[in-house]
Amino acid sequence: MAEKKDCCCQKTKERSQEEYKDLIHRLNRIEGQIRGIKGMIEKNAYCTDILTQVAAANAALNSFSKVLLGNHIRTCVVQDIKEGKEETIEDLVDTIQKLMK
């Protein structure tokens with residue numbers, strides 16, 4: 001996958017159509033879950049019912065992160081290592097540490 005820097009010095013990545021559709025689909029579902037939780041608050045739903053939905057949204061976000069991280073390792077990280085960019089390993093370690101907080 002091609003990575004490039006834009007005018008703001010942020011890396012970008014071109015994703016396959018399949019990866020793009022999967023990630024967007026997951027985010028759309030998470031967005032729907034969050035709207036549902038907001039609706040539950042607005043309708044004065046019982047606390048444990050809301051918390052159950054929050055747990056489901058958290059699980060969906062964690063699943064999204066796992067998929068994105070896996071894709072990142074298989075594409076960006078592998079490519080950078082092949083190109084001799086060893087600093088990518090430290091970036092990956094930092095990213096994983098942030099995810100595990």
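Not measured: the values here are computed from a predicted model.

Asker: Quick one: what's the story with the overall build of the protein chain, residue by residue and with numbers?
Answerer: Summing up its helical and strand segments, the protein chain has three helices and two strands in all. Starting at the N terminus, the α and β elements of the protein chain follow one another as β-β-α-α-α. Rg of the C-alpha trace for the protein chain: 18 Å, well past the compact-globule value of 13 Å for 101 residues, more than 25% over. For the protein chain, the spread of C-alpha atoms along the principal axes amounts to about 55 × 30 × 25 Å. Of all intrachain contacts in the protein chain linking residues separated by at least 6 positions in sequence, the fraction that spans at least 24 positions is 43%. Looking at the protein chain as shown, the accessible area adds up to about 7800 Å², and 57% of this sits on carbon and sulfur atoms. Of the charged side chains in the protein chain, 17 are positive and 16 negative, and the gap between their average positions amounts to 5 Å.

Asker: Go over a negative patch on the surface with me, naming the residues and quoting the values.
Answerer: Taken together, E86, E87, E90, D91 and D94 make up a surface patch of like negative charges. Structurally, the position occupied by D94 is in helix 3 (residues 87–99). Overall, the relative accessible area of 37% leaves D94 in the partly exposed class.

Asker: So, the pattern of salt bridges: which residues are in play, and what are the values?
Answerer: Per the stated rule, a full pass over the model turns up six salt bridges. In this structure, D80 engages K85 in a salt bridge whose closest nitrogen and oxygen atoms are separated by 3.9 Å. Between K85 and E83 there is a salt bridge, with the nearest N and O atoms lying 3.1 Å from each other. With a relative accessible area of 46%, E83 lands in the partly exposed category. Salt bridges sharing partners connect three or more residues here, namely K13, R15 and E19.

Asker: Kindly report on the layout of surface pockets, identifying the contributing residues and their values.
Answerer: In this structure, the largest pocket encloses a volume near 470 Å³. Among the elements of the structure, strand 2 (11–13), helix 2 (47–82) and helix 3 are those that each provide at least two residues to the lining of the largest pocket. Considering each element in turn, the lining of the largest pocket owes the most residues, eight residues, to helix 2. Of the residues in the lining of the largest pocket, the class split is six nonpolar, six polar and seven charged.

Reading the values: the criteria
- Residues numbered from 1 in each chain as written.
- Predicted model: local features only at pLDDT ≥ 70, side-chain atom pairs only at ≥ 80, totals over all residues.
- Heavy atoms only, no water.
- Helix = DSSP H or I, 4+ residues; strand = E, 2+ residues; numbered from the N terminus.
- Rg over C-alpha atoms; globule rule 2.2 N^0.38 Å.
- Contact = heavy atoms within 4.5 Å.
- Areas by Shrake-Rupley, 256 points an atom, 1.4 Å probe, with all protein chains shown as cover.
- Lys, Arg positive; Asp, Glu negative; His and termini not counted.
- Charge placed at Lys NZ, Arg CZ, Asp CG, Glu CD.
- Patch = residues over 30% accessible without salt bridge, like charges linked within 9 Å, V, L, I, M, F, W, Y side chains within 5 Å.
- Salt bridge = Lys/Arg side-chain N within 4 Å of Asp/Glu carboxyl O.
- Buried < 20%, exposed > 50% of the residue type's maximum accessible area, 1.4 Å probe, protein only.
- 1 Å grid on protein atoms, 1.4 Å probe; cavity = no way out; pocket = protein on both sides within 12 Å on 5 of 7 lines; lining within 4 Å.
- Points joined across faces, edges and corners; volume = space filled by probe spheres on them.
- Nonpolar A, V, L, I, M, F, W, Y, C, P; charged D, E, K, R; others polar.

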